[in-house]
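# Understanding the architecture of this molecule
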Amino acid sequence: MKPPALRTGVRWKISIAIAAVGALVAVALSLVVHNAARVSMIENAREVQLERLLGAQRFYEATTMQKGGPKFGAKLNDPAIPPSLREEVRKNRRATHVTASADGVPDVWAAVPLANGDVLSLHTRFADRSATIMDDLDRALLIGSVSVVFGGCALGVLIGGQLSRRLRKAAAAAGRVAQGQTDVRVREAVGGVVRDETDELARAVDALTDALNERIEAERRVTADIAHELRTPVTGLLTAAELLPPGRPTELVRDRAQAMRTLVEDVLEVARLDSASERAELQELPLGEFVSRRIGLLDPDVTVRVVHESWVSTDPRRLERILGNLLGNAAKHGSTPVEVTVEGRVVRVRDHGRGFPEELLRDGPSRFRTGSVDRAGHGHGLGLTIAAGQARVLGARLTFRNAGPAGTAEGTGGAIAVLWLPEHAPTTTGSFPVLRMPDRRQAPSG
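Rules and cut-offs
- Residues numbered from 1 in each chain as written.
- Predicted model: local features only at pLDDT ≥ 70, side-chain atom pairs only at ≥ 80, totals over all residues.
- Heavy atoms only, no water.
- Helix = DSSP H or I, 4+ residues; strand = E, 2+ residues; numbered from the N terminus.
- Buried < 20%, exposed > 50% of the residue type's maximum accessible area, 1.4 Å probe, protein only.
- Pairing = 2+ DSSP bridges.
- Contact = heavy atoms within 4.5 Å.
- Axes fitted to C-alpha atoms, helices over the stretch in contact; angles between N-to-C directions.
- Phe/Tyr/Trp six-rings, centres within 6.5 Å; stacked < 30°, edge-to-face > 60°.

## Overview of the environment of Arg-350
Among the structural elements, Arg-350 can be located in strand β9 (residues 346-350). Sequence separation of Arg-350 and Ala-403 is 53 residues, and the distance between their C-alpha atoms is 8.5 Å.

## As for unusual backbone geometry
Peptide bonds are mostly trans, and most non-glycine residues show a negative phi. Omega for the bond connecting Thr-336 with Pro-337 falls within 30 degrees of zero, at -5 degrees, which places this linkage in the cis form. For Asn-77, which is not glycine, the phi torsion reads 55 degrees and is therefore positive. One can find Asn-77 in the loop between β1 (75-76) and α2 (83-90). We classify Asn-77 as partly exposed; its relative accessible area is 39%. One non-glycine residue, Asn-92, adopts positive backbone phi at about 60 degrees. A relative accessible area of 62% places Asn-92 in the exposed class.

## Digging into the sheet that holds β1
Strand order in the open sheet formed by four strands is β1-β4-β3-β2, and the pairing between neighbours is antiparallel. In this open sheet, the two edge strands, each paired with only one partner strand, are β1 and β2 (95-99). Direction of pairing for strand β3 (residues 107-113) relative to strand β4 (residues 119-125): antiparallel, over a ladder of seven bridges. Along β4, the bridge assignment pairs Ala-111 with Ser-121. Each of β1, β2, β3 and β4 touches helix α1 (residues 10-62); the most contacted strand, β3, lies at about 40 degrees to it. Lying over the sheet, α2 contacts β2, β3 and β4, oriented at roughly 20 degrees with respect to β3.

## Observations concerning the packing of aromatic side chains
Under the defined criterion, the tally for this structure stands at one aromatic pair. For the ring pair Phe-356 and Phe-400, a centre distance of 5.4 Å and an interplane angle of 80 degrees mean the geometry is edge-to-face. In this pair, Phe-356 is assigned in the loop between β9 and α9 (358-363) and Phe-400 in strand β10 (residues 397-402), connecting sequence segments 44 residues apart. With respect to burial, Phe-356 and Phe-400 carry one shared label: buried.

Fair warning: the whole summary comes from geometry, so function is off the table for now.
Rendered as structure tokens:
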């Protein structure tokens, strides 16, 4: 099983990257500065040690006739002289040598040959003051490195936060475009003074949106033109069918001609709804009474239950169209009994068939797709598409779900379509997008 991907924000990725680079640079510079300072101080200690020894040599040679040995800490023929330093002196050279001690503080040696063949040497520990300076330098380098790391983190959070906000704005705007708000422009949503790759992404998304809108509009115009051109011949065909003599063949011709006419009218209606040019003619009406009266005329066998009456501002013609399509879908693809419940501004239409197909629950209504085999065989898949489009014109939401698990026996499940009318009348077409509800395993209450 593939492990879940670890999700991290751009802000923290940039912060970690800047902090890591800052830490590497700080450590490298600290090591270079530490070693350079140590080498410089040791070289300085060598020079000071040699100058002190030369002073002790001059004093010793000037007082050779006097009693007493070398002064200023110098020693004559010291057996502890390092072999490498002793070898240099044998070559009649002045030399210095630094050896490491167990406690980490180096020993500084200086030796010079004398005229009589003796060796004068001076041995001291590395100056305590120098060791203190090195400790202070190391402490300062450590504090500086930590400061660089934290400063890099803060800078990364600042830069990454700005980039992350721009990307979130772009994603939110793209999401609104995906919901159907074609007037949204991602570049305007991103904003800002600085131009970077985010603006290039926004321009690309806007160009893609414009291209898709143009293609959709072209397809809509073609569909509308074809349907409009078919109206006249289909009407003539239906008129001619009425003149045929009575009989079974005549009934079949009339039925198919009427079905073709209904299809043409539905396609024209879908094209008008897709063009976003439809406007609702609003009226104040009692929703429960209106639904009961209209459904009584459409199908007297449907049970209507008004839980709570409410006055709404809506378009009666479009609302009746939605109810008729939902009842027609339940009659064609569902099973009796069909129940309608009105509760406030919410209208539920439920049948007791096998429920909506998974494709409809996932993607919503789609033209010329009637769903799975158990809900197919009649119609062209335009009924729910028209109902969803009319709901958008009303500023309402139309949701779909199942009352029971998919594939349950007749009468135990059922498809539920819920129309949510808005509290306030819509001011523009498509104020509220159609939402698709996931399949619910339990039957709704009420």
